[in-house]
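Here are the chains, one letter per residue:
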Amino acid sequence: MKLRTFLATAIAAATTLVLSTPTLAQQASNYKSEYRMSLVVGTAFPWGKGGEIWANKVKEKTQGRINIKLYPGVSLIQGDQTREFSALRQGVIDMAIGSTINWSPQVKQLNLFSLPFLMPDYAAIDALTQGEVGKQIFTILDKAGVVPLAWGENGYRELTNSKHAVRTPADLKGLKIRIVGSPLFIDTFTALGANPTQMSWADAQPAFASGAVDGQENPMSIFTAAKLQNVGQKYLTMWGYIADPLVFVVNKEVWNSWTPQDREAVRQAAIEAGREEIMIARKGLVEPGQPLLKDIEGMGVTITHLTPAERDAFVKATRSVYNKWKPQIGNALVDTAEKAIAARKH
Ligand code: X2X
């Protein structure tokens, strides 16, 4: 080939390459002007704060290419929190920080975290989310059609009610307890002799205020930010029966529309925000003397701490729920989780 022909060919090839490879700016022009992040609660709660931190970090790390707006109250799906996962998959929601409880109707393995008395302490939660179980759950979520990026935490769900102190399963008898619309919870509260009623978080708060329901279970950070003491929830039992982790995820199509560099930025931002959110969620509960509980007591709430024997009565009363749900979640996954918890570092 003559030099001139060679040069002409090379220039033509290079031109084609330049024209057919979208520049960063061209790719960014396919980006939406705003991405919608779904959350159950707003920035007054650690969960919503985690969303704000994630959004801010993404904006900073992508130099504003990815702009996220928060939709607390699961408002993109009219407050129907157990539909969040389907909406994420369908693209009604671009990204979310969701509770394992709310997504468990669609992803049955997420019921793992709702097995009564599986995780005795914070080290046990970490042993699951930060270990082999966390990896397996992320693979499952990926197969289910979303891109999981990081773990956060709603927290240990403690029991409150407006009637009397609860120290034994018998004390729960007949109490109308609001639960999230996830079937495992019906089984747990039925086994305990309570009268469970499924309700979204949005509907629950007026139901406490009117006295239509007697009690509920939620993390202390939700209790204080929602001021549940003001809607009659005067009796609190620290039983730590389950804790719900949060998962930071992005819709698959949205994820694929971003440059590899921006995907990495969103992932890093989620990991950092998740770590910060977990610390905020545990604040006041992991320090000596649990200062948050002192604050709650100061609001006129009676707090019941269970002795190991008293707690054991609740464990026994809910064992049938564990036995029923273990095979539905997956025997192998539950076994892996229990091994990780037994080997946890304190
Ligand atoms: O509805 C609840 O109880 C809440 C806010 O904790 C969840 O979304 C799981």
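This text follows the structure it describes.
Summary of the structure given here. (Residues numbered from 1 in each chain as written. Predicted model: local features only at pLDDT ≥ 70, side-chain atom pairs only at ≥ 80, totals over all residues. Heavy atoms only, no water.)

Neighbouring the ligand are Val-40, Trp-47, Gln-81, Ser-99, Asn-102, Asn-154, Arg-157, Arg-178, Val-180, Trp-201, Asn-218 and Asp-244. Between an oxygen atom of the ligand and a side-chain N or O atom of Gln-81, the distance comes to 2.7 Å. Note that an oxygen atom of the ligand is positioned 2.9 Å from one of the side-chain N or O atoms of Asn-102. The fraction of the free accessible surface of the ligand (270 Å²) that becomes covered by protein chains is 100%. (Near = heavy atom within 4 Å. Polar contact = N/O pair within 3.5 Å; in protein donor to acceptor, adjacent residues only side chain to side chain. Areas by Shrake-Rupley, 256 points an atom, 1.4 Å probe, with all protein chains shown as cover.)

By size, the foremost hydrophobic cluster in this structure holds 107 residues, and its most contacted members are Trp-54, Leu-112, Met-119, Leu-141 and Phe-189. Element by element, the count of residues in this core is highest for strand E4 (residues 146–161), at 7 residues. Not counting chain neighbours up to four residues away, the residues in contact with Met-119 comprise Phe-113, Ala-124, Ile-125, Leu-128, Tyr-156, Gly-240, Ala-243 and Ile-341. (Core = buried A, V, L, I, M, F, W, Y, C linked by side-chain atoms within 4.5 Å. Buried < 20%, exposed > 50% of the residue type's maximum accessible area, 1.4 Å probe, protein only. Helix = DSSP H or I, 4+ residues; strand = E, 2+ residues; numbered from the N terminus. Contact = heavy atoms within 4.5 Å.)

This part takes up the pairing of E4. Among the 16 residues of E4, 16 are classified as buried, and the element is accordingly described as predominantly covered. For E4 and strand E9 (residues 243–251), the ladder comprises 9 bridges, and the chain directions are antiparallel. Counted as the bridge partner of Glu-153 is Pro-245 from E9. Inspection of the sheet shows E4 paired to strand E7 (residues 215–219) by 5 bridges, in the antiparallel sense. In the sheet register, Thr-160 faces E7, and the bridge partner there is Gln-216. Two strands pair when backbone bridges link them, and E4 and strand E8 (residues 235–238) are joined in this way by 3 bridges, in the antiparallel orientation. Bridging from a neighbouring strand, Thr-160 pairs with Leu-236 of E8. (Pairing = 2+ DSSP bridges.)

We now examine the pairing of strand E2 (residues 68–71). Where strand E1 (residues 35–38) meets E2, 4 bridges bridge the pair, whose relative direction is parallel. By the bridge assignment, Met-37 is partnered in E2 with Leu-70. In this fold, E1 hands off to helix H3 (residues 46–61), which returns the chain to E2; that crossover is right-handed. (Right-handed = clockwise from strand over helix to strand, strands pointing away.)

Enumeration over the complete set of coordinates arrives at 13 aromatic pairs. Look at Phe-85 and Trp-103: their rings are 5.4 Å apart centre to centre, the planes differ by 55°, and that puts the pair in the tilted class. Taken together, the residues span a long stretch of sequence, with Phe-85 in helix H4 (residues 84–90) and Trp-103 in helix H5 (residues 100–103) at a distance of 18 residues. Residue Phe-85 shares its accessibility class with Trp-103, and that shared class is buried. Aromatic pair Phe-189 and Tyr-241: ring centres 5.9 Å apart, planes at 80°, arrangement edge-to-face. Taken as a pair, Phe-189 in helix H8 (residues 183–191) and Tyr-241 in the loop between E8 and E9 lie far apart in primary sequence, 52 residues in all. Look at Phe-189 and you get buried, because its relative accessible area is 0%. For Tyr-241, a relative accessible area of 1% puts it in the buried group. It is Arg-319 that lies over the ring of Tyr-322; its NZ or CZ is 3.9 Å from the centre. (Phe/Tyr/Trp six-rings, centres within 6.5 Å; stacked < 30°, edge-to-face > 60°. Lys NZ or Arg CZ within 6 Å of the ring centre and 35° of its normal.)

Right, let's get into helix H12 (residues 260–282). For H12, with 23 residues, the first-to-last C-alpha span of 33 Å sits near the 33 Å given by 1.5 Å per residue. Of the positions making up H12, those classed as buried are Asp-262, Ala-265, Val-266, Ala-269, Ala-270, Ala-273, Gly-274, Glu-277, Ile-278, Ala-281 and Arg-282. Where H12 is buried, its residues touch H3, helix H6 (122–129), E4, E9 and helix H11 (252–257). Just past H12, the residue Gly-284 takes up positive phi, approximately 85°. (Expected span 1.5 Å × (residues − 1).)

It is worth spelling out the pattern of salt bridges at this point. A complete count under the given rule lists 20 salt bridges for this structure. Between Lys-163 and Asp-214 there is a salt bridge; the shortest N-O distance is 3.9 Å. Of the two residues, Lys-163 is situated in the loop between E4 and strand E5 (176–179) and Asp-214 in the loop between helix H9 (201–210) and E7; the sequence distance between them amounts to 51 residues. (Salt bridge = Lys/Arg side-chain N within 4 Å of Asp/Glu carboxyl O.)

Turning our eyes to something else, we now look at the packing of helix H15 (residues 319–329) against helix H16 (residues 331–342). Packing of H15 against H16 leaves a shortest axis separation of 5 Å and a crossing angle of 110°. With respect to their mutual orientation, H15 and H16 come out roughly perpendicular. Counting all contacts with H15, which are made through Tyr-322, Lys-326, Pro-327 and Ile-329, the residues of H16 involved are Asn-331, Leu-333, Val-334, Asp-335 and Glu-338. Looking at the contact of H15 with H16 residue by residue, the class counts come to 5 nonpolar, 1 polar and 3 charged. (Axes fitted to C-alpha atoms, helices over the stretch in contact; angles between N-to-C directions. Parallel < 35°, antiparallel > 145°, perpendicular 65-115°, else oblique. Nonpolar A, V, L, I, M, F, W, Y, C, P; charged D, E, K, R; others polar.)

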